[in-house]
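Fold and contact review
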Amino acid sequence: MGRRRKGRDISGWLVVDKPAGITSTAVVNKVRWALGARKAGHAGTLDPQATGVLAVALGEATKTVPYITDAMKAYRFTIRLGQATNTDDAEGEVIATSDTRPSDADIAAALPAFTGDIMQVPPQFSAVKIDGERAYKRARSGEDMELAARALYVEELTLAARPDPDHAVLEMICGKGGYVRAIARDLGTALGCQAHVTELRRVWSGPFEAEDGISLDKVEELAGTPELDAWLRPLEDGLADLPELRCTAEGAARLRNGNPGMVLTSDAEYGDEAWASEGGRAVAVGIYRAGELHPSRVFLP
């Protein structure tokens, strides 16, 4: 029998405004330590130099991580025109340069090609797995790989500012699995000038916004105090994009035992994924069928 992880049985979401210079995993570890939590995870990795929303799930909220990972996200990022790097960001080595500098109109005209349903090749330095090994590990050893293109939905991509001829600030709203670095790289190619990301901030992710997040310095300052607990948001926030179904105490008991349970009201249609609540607390996530929820994930009371 495996050893039980030590810590508090605490559940909910802590929205961290991640600083640059630290990995997402390190942020999660810091949050787990500060709250004394037994279990924690995050919804959507940010590159070490990226800032903004990193939603950390604790306890039972970790069961809702997929719904935040799949949610729409917004980014604001700056690209350096005239240079391509092997990492597609400022951390890498410059591998190509160009004296061409597109106008604002040129950039705006190129952006529609990167909206809607597009195919995107991940950066060489990415966490994509190839034969069970991360691409970035192979890239560090000097291997040049052909990564398969992946589908990405981009709802919006706009030019927000042009600080100088060498830089452009863009804003993007997209779905799951998008690489901002790849957008910069491919836009630079389309404009004939090369480009890479120099700054990246995730403004919001699903229901979570950076302006509502707590800084990592504040997490450390409030470690082990009730004041830090007060920053926790309910696990139900991770289910905001799913229909909510209310259920009786009897229905809740059946759901928690893994059985279909009756729900009282619903905006869901037959076959929709939804979540059931009792007294405002999440009981289970599952598939709605004819007045019942058939659970796939059950939350401990």
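Note that residues are indexed from 1 along each chain, following the sequence as it is written. It should be noted that, the model being predicted, local features are given only for residues of pLDDT at least 70 and side-chain atom pairs only at 80 or more, the latter also being counted only at that level, while totals for whole chains, interfaces and linings use all residues. Only hydrogens and water are set aside when side-chain values are computed; all heavy atoms of the structure are taken into account.

1. Some words on the overall build of the chain
- Segments assigned H or I by DSSP are reported as helices when at least four residues long, segments assigned E as strands when at least two residues long, and all are numbered from the N terminus. A count of helices and strands for the chain gives 8 helices and 19 strands.
- Across the 301 residues that make up the chain, the buried fraction comes to 45%.
- Contact criterion: two residues are considered in contact whenever any of their non-hydrogen atoms come within 4.5 Å of each other. Pairs at least 24 residues apart make up 67% of the contacts formed inside the chain by residues separated by at least 6 positions.
- Total accessible area on the chain stands at roughly 14,900 Å², and carbon and sulfur atoms take up 47% of it.
- In this charge count, Lys and Arg are treated as positive and Asp and Glu as negative; neither His nor the chain ends contribute. For the purpose of locating charges, the reference atoms are NZ of Lys, CZ of Arg, CG of Asp and CD of Glu. Separation between the mean location of the 35 positive side-chain charges and that of the 44 negative ones in the chain comes to 9 Å. We call a residue buried when its accessible area falls under 20% of the maximum for its residue type, exposed when it is over 50%, and partly exposed in between, using a 1.4 Å probe and counting protein chains only. Here the accessible surface of atoms and residues is derived via Shrake-Rupley with a 1.4 Å probe, and residues count as covered only by protein chains that are part of the display.

2. Some words on the pairing of strand 19 (residues 292-298)
- When DSSP finds at least two bridges between two strands, those strands are taken to pair. Of the strand pairs in this sheet, strand 16 (residues 261-265) and strand 19 are connected by 2 bridges, and their pairing is antiparallel. Within the sheet, the bridge partner assigned to Met262 lies in strand 19 and is Glu292.
- The pairing of strand 18 (residues 281-289) with strand 19 spans 6 bridges and is classified as antiparallel. Looking across to strand 19, one finds that Ile287 is bridged to His294.
- Between strand 18 and strand 19, which pair antiparallel one after the other, the connecting turn spans 2 residues, and Ala290 there sits at a positive phi close to 45°.

3. Thoughts on the environment of Leu228
- Considering the arrangement of structural elements, one finds Leu228 in helix 7 (residues 226-229).
- Setting aside residues up to four positions removed in sequence, Leu228 forms contacts with Leu14, Ala34, Leu35, Ile214, Val219, Leu222 and Ala223.

4. Here we look at the nonpolar core
- Counting residues in hydrophobic clusters, the biggest one holds 27 residues, and the most contacted among them are Tyr75, Phe77, Ile79, Leu157, Leu170, Met172 and Leu187.
- Breaking this core down by element, the ones donating at least two residues are strand 4 (73-81), helix 3 (104-110), strand 10 (150-164), strand 11 (167-174), helix 5 (180-191) and strand 12 (195-205).
- At 5 residues, the largest contribution of residues to this core is made by helix 5.
- One finds Leu14, Ala40, Ile214 and Leu222 within the second-largest nonpolar core, a separate group that totals 20 residues. Buried residues of nine kinds, namely Ala, Val, Leu, Ile, Met, Phe, Trp, Tyr and Cys, make up a nonpolar core once their side-chain atoms join them within 4.5 Å.

5. Quick word on the packing of aromatic side chains
- The criterion for an aromatic pair is that two Phe, Tyr or Trp rings (for Trp, the six-membered ring) have centres within 6.5 Å, with stacked assigned to planes under 30 degrees apart, edge-to-face to planes over 60 apart and tilted to the rest. Under the criterion given, the structure shown has 1 aromatic pair.
- For the ring pair Trp13 and Phe208, a centre distance of 5.2 Å and an interplane angle of 45° mean the geometry is tilted. On the criterion of sequence distance, the pair formed by Trp13 in strand 1 (residues 12-18) and Phe208 in strand 13 (residues 208-209) is long-range, its members being 195 residues apart. With respect to class, Trp13 is no different from Phe208; both count as buried.
- Geometry around Trp33 places Lys30 over its ring, the cationic atom sitting 5.5 Å from the centre. Note on geometry: a ring has a charge over it if NZ (lysine) or CZ (arginine) is within 6 Å of the ring centre and within 35 degrees of the ring normal.

6. Structural notes on the pattern of salt bridges
- Only one rule defines a salt bridge in this text: a Lys or Arg side-chain nitrogen within 4 Å of an Asp or Glu carboxyl oxygen. Applying the stated rule across the entire model yields 16 salt bridges.
- Between Glu60 and Lys63 there is a salt bridge, with its nearest N and O atoms 2.9 Å apart.
- When the shortest N-O distance is used, the salt bridge between Lys218 and Glu221 registers 3.5 Å. Of this pair, Lys218 and Glu221 both sit in helix 6 (residues 216-221), separated by 3 residues, roughly a single helical turn.
- On the accessibility criterion, Lys218 (31% relative accessible area) is partly exposed.
- Under the relative-accessibility criterion, Glu221 is labelled exposed at 55%.
- Because the salt bridges share partners, they merge into one network encompassing Asp88, Arg185 and Asp186.

7. Quick look at the sheet that holds strand 15 (residues 244-247)
- Ordered by their spatial adjacency, 5 strands build a closed barrel running 15-16-19-18-17, and the pairing between neighbours is mixed. Within this sheet the neighbouring strands show an average axis-to-axis angle of 55°, counted without direction.
- Looking at chain direction, strand 15 and strand 17 (residues 273-278) are connected through 3 bridges and run parallel. Residue pairing in the sheet places Leu245 in a bridge with Ala276 of strand 17.
- Angles here are taken between N-to-C directions and fall from 0 to 180 degrees, while the axes themselves are lines fitted to C-alpha atoms, restricted in helices to the stretch in contact. Where helix 8 (residues 249-256) meets the sheet, its contacts fall on strand 15, strand 16, strand 17, strand 18 and strand 19, and the angle it forms with strand 18 comes to roughly 80°.

All we've got here are geometric facts, nothing functional implied.
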